[in-house]
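Structural overview
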Amino acid sequence: KAGVTQTPRYLIKTRGQQVTLSCSPISGHRSVSWYQQTPGQGLQFLFEYFSETQRNKGNFPGRFSGRQFSNSRSEMNVSTLELGDSALYLCASSSMQETQYFGPGTRLLVL
Amino acid sequence: GQNIDQPTEMTATEGAIVQINCTYQTSGFNGLFWYQQHAGEAPTFLSYNVLDGLEEKGRFSSFLSRSKGYSYLLLKELQMKDSASYLCALVNNAGNMLTFGGGTRLMVKP
């Protein structure tokens, strides 16, 4: 089975812009979670989707949003980018309450 | 809320054994994961403990004590490629959210 894939792998944006990141889960996995990783805060949970519904959300501002499509692919969007949004954004997929497997991540740099 | 503590850095010698501890305070969780993350790469799954006790998988073992709020990851016969960060994470009761500790950066020296 192919692993979790994320696109793009690297992204440079400027403050105030918006960005959309994409994640394709492992085939058959219906749960997709998103995490932000920074040197200062470590790995933090953003949100989780299952069958196109957001089931859980972390403590991030409303500028961070996501969605999931009927084929379980997911996107996350960050609007009005701030310098502090520079991070590695990781997507993970899992089957029902099983282990989460991570994709390679999208490294976002906000200038 | 949840609080998860791990040592920030550890150093060990190739061929040796190292134990990475993880202590936590939480109101409830389904299980505890250990992930390995090499610099610039994604976390990869190492082990999952639901019940108290030791889970062994090759050179890696993980232990959980719910009553003590404590887990450890034991790495035997250390290899240079084991130099990485090791992340302890609690999964919530719904099984859909991981809360991570800050990670332990392990350096293996010849």
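A brief look at the structure comes next.

Each value, and the rule that gives it
- Residues numbered from 1 in each chain as written.
- Chains lettered and ligands numbered in written order.
- Predicted model: local features only at pLDDT ≥ 70, side-chain atom pairs only at ≥ 80, totals over all residues.
- Heavy atoms only, no water.
- Helix = DSSP H or I, 4+ residues; strand = E, 2+ residues; numbered from the N terminus.
- Buried < 20%, exposed > 50% of the residue type's maximum accessible area, 1.4 Å probe, protein only.
- Contact = heavy atoms within 4.5 Å.
- Areas by Shrake-Rupley, 256 points an atom, 1.4 Å probe, with all protein chains shown as cover.
- Lys, Arg positive; Asp, Glu negative; His and termini not counted.
- Charge placed at Lys NZ, Arg CZ, Asp CG, Glu CD.
- Rg over C-alpha atoms; globule rule 2.2 N^0.38 Å.
- Core = buried A, V, L, I, M, F, W, Y, C linked by side-chain atoms within 4.5 Å.

Moving on: the overall build of chain A. A count of helices and strands for chain A gives 0 helices and 11 strands. When its helices and strands are written in sequence order, chain A yields β-β-β-β-β-β-β-β-β-β-β. With the principal axes as the frame, chain A shows a C-alpha extent of 35 × 25 × 25 Å. Counting all 111 residues of chain A, 50% fall into the buried class. Partitioning the contacts of chain A with sequence separation of at least 6, the portion at a separation of at least 24 is 52%. When the accessible surface of chain A is summed, it comes to about 5400 Å², and 48% of that surface belongs to carbon and sulfur atoms. Across chain A, the 11 positively charged side chains and the 6 negatively charged ones have centroids separated by 5 Å.

Another point: the overall build of chain B. Within chain B, the regular secondary structure consists of 0 helices and 11 strands. Overall, chain B shows an N-to-C arrangement of helices and strands of β-β-β-β-β-β-β-β-β-β-β. In terms of overall dimensions, chain B is globule-like: its C-alpha atoms have a radius of gyration of 13 Å, near the 13 Å expected for 110 residues. Along the first, second and third principal axes, the C-alpha set of chain B runs to 40 × 30 × 20 Å.

Here we take up the side chain of A:S72. Its place among the elements puts A:S72 in the loop between β7 (64–68) and β8 (74–78). Excluding residues within four positions of it along the chain, A:S72 makes contact with A:P25, A:H29, A:R30 and A:V32.

Now for the nonpolar core. Core analysis: the largest hydrophobic core is formed by 22 residues, its most contacted members being B:L32, B:W34, B:L75, B:Y86 and B:L106. When contributions to this core are tallied by element, the ones reaching two or more residues are β2 (9–13), β3 (18–25), β4 (31–37), β7 (60–65), β8 (70–75), β9 (84–91) and β11 (104–109) of chain B. In terms of nonpolar packing, the next biggest core, distinct from the first, is built from 21 residues, A:V32, A:W34, A:L81 and A:C91 among them.

One can find B:R59 in the loop between β6 (53–57) and β7. Residues B:R59 and B:E9 lie 50 residues apart in sequence; the distance between their C-alpha atoms is 20 Å.

Distances and angles like these do not, on their own, reveal function.
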